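One letter stands for each residue in the lines below.
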Amino acid sequence: MRASTPRAGQSGIRPPVLRHGAVAYAAWLCIGTLALGAGLPGTALAQEDARPAQGARRSYDIPAGALAPALSSLASSANVLLTFTPEQTSGKTTAGIRGQYTVQEALAALLAHSGLNAVRMDNGGYVLRAAPASPAAPAAPPRPTEAPASTLPTVRVTALAEQSPGELPPVYAGGQVARGARLGLLGNADVMDTPFSVTSYTAEAIENQGARTVANVLRNDASVRFSTSDGHPFENFRIRNFAVNQNEMTVDGMYGLMPYGHTPVEMFERVELLRGPSALFSGMAPAGALGGTINLVPKRAGPQPLSRVSLDYIGESQFGTRLDLGRRFGPDDAVGLRVNGSFADGDTELDGQSKQRQFLSAALDYRNGGFKGSLDAYYSKEKFDGGTPAGIFFRNAALGLLPAPDAGLNLFPAAYGEAENKAAILRAEYAFNDMVTAYANVGVRRGTVAGFFTGSWIVATGADGTGTASMSGQRMYEKNVSAETGLRLNFRTGGVGHAMVLQASRLKMDYGYDANSNGGVTNIYHPVPVAMPDLPASARKWSDKTFDSLALIDTLSMLDDRLRLTLGLRHQSFEVDPTADGISTGGEVAYDKSVVTPAVGVVFKPWGPNVSLYASYVQGLSQGASISTTNGYVRNHTFAPYKTEQGEIGVKWNAGTFTNTFALFQITQPTLITFTDGSGAMDATDGGEKRVRGLEWNTFGEITRGLRVLGGVVYAQSVQTRTQGGLLDGYAAVGSPRWQANLGAEWDVPGAPGLTLTGRVETSSPQWLTNNHTLRLPGWGVFDLGARYATRLYGKNATLRLNVANVAGRSYYSGIFREGAAIATLGAPRTVSASLTVDF
């Protein structure tokens with residue numbers, strides 16, 4: 001990880017300059033790859049020296065607290081390249097510095113008693129290394145006016161002044177968010193250089209907040225809400241008021257490789273959120289995700305050995321342990337191995353329910369010269385017994401909305417289920433030189449589900465809470481193969497720099513499903529046990545789906561990198577080959593469609609690198625909506641894929657230790673129009689339209705000494721713009737609060753080194769449950785509190801963490817399950833979690 005990426009004027013890249021217009025440019029694209037790959041004369045890079053004045057003193061005011069954000073703040077202020085890993089700094093604190101220091105003096109002071117040294121590299125940057133063991137008492141850190149006791153040793157480390165597309169962006173001040181994220185096939189990019197709104201949550205934030213799944217992490221984001229009741233076996237999302245399913249996450253830009261059910265976070269270094277449609281950058285999402293893309297970045301072994309063990313407690317009496325091991329081997333540490341494992345078992349906050357979770361992952365990577373390769377593999381198994389959360393279905397508008405039941409009540413105490421997933425992802429890339437890189441990636445996943453994962457809700461029929469229980473027991477399977485290959489080209493034409501990517505990708509999905517259902521009578525306030533149906537003997541194959549795409553993107557940089565223009569096209573093909581069971585039972589329809597989706601983005605920095613003005617236009621591609629007899633329609637049917645559009649303008653301001661993004665966006669989406677035919681049966685067409693216009697503010701970083709913030713506010717107007725006969729045109733869309741806000745804070749307690757207090761507030765304004773505005777969910781707000789203490793136990797770095805979610809224990813409806821069905825979901829009850837993490 002790099003805590004700072006200095007830029008002094010130009011990037012240093014001096015590829016051949018083409019001066020003969022479009023013909024020469026096109027010819028270069030056709031034959032340049034082979035010529036550059038062969039290393040012909042004239043293709044070398046001239047690297048400019050961007051080293052800061054190492055001996056100069058300057059003023060620093062870096063507060064006591066966690067070590068990682070303090071180092072990031074120093075590197076940013078001093079404009080110096082500093083390389084370290086999260087494992088090196090995890091759980092470590094610093095006393096801070098204030099006064100006049102040289103870079104070496106400041107580093108030595110921050111690292112005092114941390115067991116780390118800063119070793120200066122030949123390029124003027126620094127890398128953290130473990131301090132040699134010594135029986136002597138540790139020397140005091142140098143005072144601001146003193147010269148360092150000795151010259152730090154110099155080692156030769158290859159480092160780039162500019163971040164490469166495959167390099168993990170460094171952590172930003174505060175440690176909770178990274179300075180950049182992965183933009184699909186474009187690779188990693190700094191947040192100030194992206195014409196979109198993006199946030200990348202770090203492993204440090206994940207660990208400190210006690211997050212166990214991706215949904216836990218995204219509770220930090222005001223753009224995100226959840227469309228399943230808390231504790232549900234599936235975690236589905238609503239981003240910018242559009243549905244995003246849990247199986248539509250990407251791993252380093254690749255779809256189809258994440259597990260059914262919950263997505264564990266133990267194996268991931270980053271959880272990244274790219275808001276808005278992104279068909280150009282990642283291809284068509286398997287189920288048509290529109291509001292945003294959730295990308296997950298796997299962990300890698302760092303330069304220092306890591307042996308970390310955590311003991312966890314969550315819910316009523318659920319205990320677990322986690323293991324994180326990392327090592328590098330061989331000459332120049334060319335081979336790395338990272339292993340993560342976890343096991344948890346016990347009762348949850350849902351009365352009578354117990355859960356067991358098993359997870360194991362391994363990440364092997366190799367680097368040698370221009371070659372990089374990696375293999376990621378995981379196994380995940382989650383079982384629950386003794387109940388599952390419910391949704392409340394309000395079919396009768398005359399009944400009105402009943403008060404939310406206690407989220408801890410178990411409405412389906414006989415429900416059970418098991419989800420098992422395993423996957424492997426192989427990646428390889430080779431840099432022929434600094435201008436041409438070729439890459440190829442392939443991944444496979446196998447997943448099975450058996451139990452009561454969907455279709456468990458109560459249809460309210462009486463004002464006293466009486467209702468009809470609907471239970472559906474499923475067996476599902478999915479066999480996916482995802483592959484991509486491409487070229488990255490970096491060159492210049494005249495005074496214009498180009499970062500061009502050409503990529504071909506394919507995702508094949510073999511899907512099977514079957515279910516048995518029944519009903520019964522119960523009460524949402526006083527549950528009555530209801531017998532669950534037997535599971536089907538096996539899942540029946542429904543379809544084979546193939547997503548093929550070819551994309552070309554060119555990012556042009558001009559005016560000393562103050563102006564960046566991104567232009568791209570993606571040709572996307574979507575083919576569905578259904579079985580007889582898929583057609584008759586699942587409403588699958590045979591398709592073989594293709595479409596071209598464009599994107600344009602511009603970033604302009606008129607006042608230097610700390611303010612970015614940006615604008616973008618992106619077309620998305622979504623799988624058509626489905627209707628079924630299960631939901632009351634007269635037929636089972638899936639509609640054709642459709643295009644969506646987003647326009648966005650905004651400004652990003654990096655104040656040095658905290659960053660703000662202000663975005664104004666508009667997204668349009670075709671929707672279903674539900675109607676009643678002549679016989680009184682309910683049917684639908686896909687001729688409707690929904691439009692969301694919003695203003696979004698996101699912030700992260702350290703706003704003052706020892707005080708860090710993370711969160712934002714969203715104001716959105718979601719409107720039905722085309723409805724049946726125009727009767728509901730202009731009505732607000734369902735599941736779309738006008739206001740959403742999340743704001744978290746961390747405070748390092750003065751006079752108590754290592755002690756940090758945390759808090760977070762989440763709130764949403766009222767939202768409609770029905771399109772015709774007969775039922776409305778009230779607004780809600782909850783707050784969380786926590787604390788952590790970094791110390792040493794028996795000479796080992798240790799961190800104790802305590803977090804309480806929904807401190808007031810409020811019962812509330814958190815949102816809708818899906819559009820087209822008036823099913824309200826329930827928010828999380830009060831939940832206590834605690835952990836102890838020790839580095840051995």
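1. Points about the overall build of the protein chain
For step 1, the next point in the chain: A count of helices and strands for the protein chain gives 8 helices and 47 strands.
For step 2, the next point in the chain: Across the 840 residues of the protein chain, 56% fall into the buried class.
For step 3, the next point in the chain: Considering only contacts within the protein chain whose residues lie at least 6 apart along the sequence, 69% involve residues at least 24 apart.
For step 4, the next point in the chain: When the accessible area of the protein chain is evaluated, it comes to approximately 32,500 Å², of which 58% is carbon and sulfur surface.

2. Quick notes on empty space enclosed by the protein
For step 1, the next point in the chain: Applying the stated criterion across every chain yields a total of 19 cavities of 30 Å³ or more.
For step 2, the next point in the chain: The volume enclosed by the second largest cavity comes to roughly 150 Å³.
For step 3, the next point in the chain: Lining the second largest cavity we find 16 residues, and of these Tyr255, Ser282, Gly283, Ser505 and Leu507 sit closest to its centre.
For step 4, the next point in the chain: When residues of the lining of the second largest cavity are traced back to their parent elements, those giving at least two are β27 (466–493), β28 (496–523) and β29 (540–558).
For step 5, the next point in the chain: Residue composition of the lining of the second largest cavity, grouped by class: 6 nonpolar, 8 polar and 2 charged.

3. With respect to helix α2 (residues 67–78)
For step 1, the next point in the chain: The terminal C-alpha atoms of α2 lie 16 Å apart, and with 12 residues this matches the ideal 16 Å at 1.5 Å per residue to within 8%.
For step 2, the next point in the chain: Most of α2 sits inside the fold, with 10 of its 12 residues counted as buried.
For step 3, the next point in the chain: Among all positions of α2, only Leu67, Ala68, Pro69, Ala70, Leu71, Ser72, Ser73, Leu74, Ala75 and Ala78 are buried.
For step 4, the next point in the chain: One or two residues past the end of α2 sits Asn79, with phi positive at roughly 55°.

4. Some remarks on the confidence of the model for the protein chain
The predicted coordinates of low-pLDDT regions are not to be read in fine detail.
For step 1, the next point in the chain: Looking at the protein chain, the pLDDT average stands at 85 and 89% of residues meet or exceed 70.
For step 2, the next point in the chain: Taken as a whole, residues 1–54 scores under 50 in pLDDT and shows 116 contacts with residues more than four places along the chain or in a different chain.
For step 3, the next point in the chain: Low pLDDT, under 50, characterises residues 134–164; the predicted model gives this stretch 60 contacts beyond four residues in sequence or across chains.

5. What to know about the sheet that holds strand β13 (residues 237–239)
For step 1, the next point in the chain: The antiparallel open sheet is built from 3 strands, whose spatial order is β12-β13-β14. Edge positions in the sheet fall to β12 (224–226) and β14 (242–244), since each of these pairs with one other strand and no more. This sheet shows a mean twist of 35° between the axes of neighbouring strands, independent of strand direction.

6. Structural notes on the environment of Met254
For step 1, the next point in the chain: In this structure, Met254 sits in the loop between β15 (250–251) and β16 (268–275).
For step 2, the next point in the chain: Here Met254 falls in the buried class, since its relative accessible area comes to 2%.
For step 3, the next point in the chain: Contacts of Met254, omitting those with residues within four sequence positions, involve Met249, Ile425, Arg427, Asn441, Val442, Gly443, Ser482, Ala483 and Glu484.

7. Observations concerning the sheet that holds strand β11 (residues 198–202)
For step 1, the next point in the chain: Strand order across the open sheet formed by 4 strands is β11-β16-β17-β15, with mixed pairing between neighbours. In this open sheet, the two edge strands, each paired with only one partner strand, are β11 and β15.
For step 2, the next point in the chain: Where β11 and β16 come together, 5 bridges link them in antiparallel fashion. The residue bridging Tyr201 from the neighbouring strand is Val271, located in β16.

8. Focus: the packing of aromatic side chains
For step 1, the next point in the chain: In total, this model carries 19 aromatic pairs according to the counting rule given.
For step 2, the next point in the chain: Their ring planes at 55° and their centres at 5.2 Å tell us that Tyr313 and Phe319 sit as a pair that is tilted.
For step 3, the next point in the chain: Exposure remark for Tyr313: the relative accessible area of 25% places this residue in the partly exposed category.
For step 4, the next point in the chain: With centroids separated by 6.1 Å and ring planes inclined at 50°, the aromatic side chains of Tyr366 and Phe371 adopt a geometry described as tilted.
For step 5, the next point in the chain: Here the basic side chain of Lys652 rests over the ring of Tyr614, its NZ or CZ set 5.0 Å away from the ring centre.
For step 6, the next point in the chain: Over the face of the ring belonging to Phe242 we find Lys690, whose NZ or CZ atom lies 4.4 Å from the ring centre.

9. A few points about the environment of Ala531
For step 1, the next point in the chain: By the element assignment, Ala531 lies in the loop between β28 and β29.
For step 2, the next point in the chain: Excluding its chain neighbours within four sequence positions, the residues that come into contact with Ala531 are Met471 and Asn518.

10. Regarding a nonpolar patch on the surface
For step 1, the next point in the chain: Taken together, the side chains of Phe329, Leu337, Leu364, Leu375, Leu426, Val442, Val444 and Val481 make up a nonpolar region of the molecular surface, amounting to roughly 590 Å² of accessible area.
For step 2, the next point in the chain: Locating Val481 in the fold gives a position in strand β27.

11. Quick look at the nonpolar core
For step 1, the next point in the chain: Core analysis: the largest hydrophobic core is formed by 44 residues, its most contacted members being Val214, Leu218, Phe237, Val271, Ile294 and Leu296.
For step 2, the next point in the chain: Breaking this core down by element, the ones donating at least two residues are α6 (214–217), β13, β16, β17 (292–298), β24 (416–431), β28, β30 (563–578) and β31 (591–604).
For step 3, the next point in the chain: If sequence neighbours within four positions are ignored, Ile294 has contacts with Val214, Leu218, Phe237, Ile239, Met249, Thr250, Val271, Glu272 and Leu273.
For step 4, the next point in the chain: Counting residues in each nonpolar core, the second largest holds 31 residues, with Ala390, Leu411, Ala460 and Leu777 among its members.

12. Section: the packing of α2 against helix α4 (residues 103–110)
For step 1, the next point in the chain: α4 packs onto α2 with a crossing angle of 175° between their chain directions and a minimal axis gap of 11 Å. With respect to their mutual orientation, α2 and α4 come out roughly antiparallel. Side by side, α2 and α4 meet where Leu67, Ala70, Leu71, Leu74 and Ala78 of the first sit next to Val103, Ala106, Leu107 and Leu110 of the second.
For step 2, the next point in the chain: For the contact of α2 with α4, the class distribution of residues is 9 nonpolar, no polar and no charged.

13. Looking at a negative patch on the surface
For step 1, the next point in the chain: Together, Glu316, Asp345, Asp347, Asp351 and Asp406 make up a negatively charged patch on the protein surface.
For step 2, the next point in the chain: Here Asp351 shows up in the loop between β20 (335–347) and β21 (354–368).

14. Remarks on α4
For step 1, the next point in the chain: Most of α4 sits out of view: 7 of its 8 residues are buried.
For step 2, the next point in the chain: If you check which residues of α4 are buried, you get Val103, Gln104, Glu105, Ala106, Leu107, Ala109 and Leu110.

15. Brief notes about the pattern of salt bridges
For step 1, the next point in the chain: Under the defined criterion, the tally for this structure stands at 39 salt bridges.
For step 2, the next point in the chain: Between Arg328 and Asp365 there is a salt bridge whose closest N-O contact spans 2.7 Å. Of this pair, Arg328 sits in strand β19 (residues 317–329) while Asp365 sits in strand β21, placing them 37 residues apart in sequence.
For step 3, the next point in the chain: The exposure class of Arg328 is buried, given its relative accessible area of 12%.
For step 4, the next point in the chain: Residue Asp365 is classed as buried on the basis of its relative accessible area of 8%.

Quick notes on the rules
Residues numbered from 1 in each chain as written. Predicted model: local features only at pLDDT ≥ 70, side-chain atom pairs only at ≥ 80, totals over all residues. Heavy atoms only, no water. Helix = DSSP H or I, 4+ residues; strand = E, 2+ residues; numbered from the N terminus. Buried < 20%, exposed > 50% of the residue type's maximum accessible area, 1.4 Å probe, protein only. Contact = heavy atoms within 4.5 Å. Areas by Shrake-Rupley, 256 points an atom, 1.4 Å probe, with all protein chains shown as cover. 1 Å grid on protein atoms, 1.4 Å probe; cavity = no way out; pocket = protein on both sides within 12 Å on 5 of 7 lines; lining within 4 Å. Points joined across faces, edges and corners; volume = space filled by probe spheres on them. Nonpolar A, V, L, I, M, F, W, Y, C, P; charged D, E, K, R; others polar. Expected span 1.5 Å × (residues − 1). pLDDT = per-residue confidence, 0-100. Pairing = 2+ DSSP bridges. Axes fitted to C-alpha atoms, helices over the stretch in contact; angles between N-to-C directions. Phe/Tyr/Trp six-rings, centres within 6.5 Å; stacked < 30°, edge-to-face > 60°. Lys NZ or Arg CZ within 6 Å of the ring centre and 35° of its normal. Patch = residues over 30% accessible without salt bridge, like charges linked within 9 Å, V, L, I, M, F, W, Y side chains within 5 Å. Salt bridge = Lys/Arg side-chain N within 4 Å of Asp/Glu carboxyl O. Core = buried A, V, L, I, M, F, W, Y, C linked by side-chain atoms within 4.5 Å. Parallel < 35°, antiparallel > 145°, perpendicular 65-115°, else oblique. Lys, Arg positive; Asp, Glu negative; His and termini not counted. Charge placed at Lys NZ, Arg CZ, Asp CG, Glu CD.

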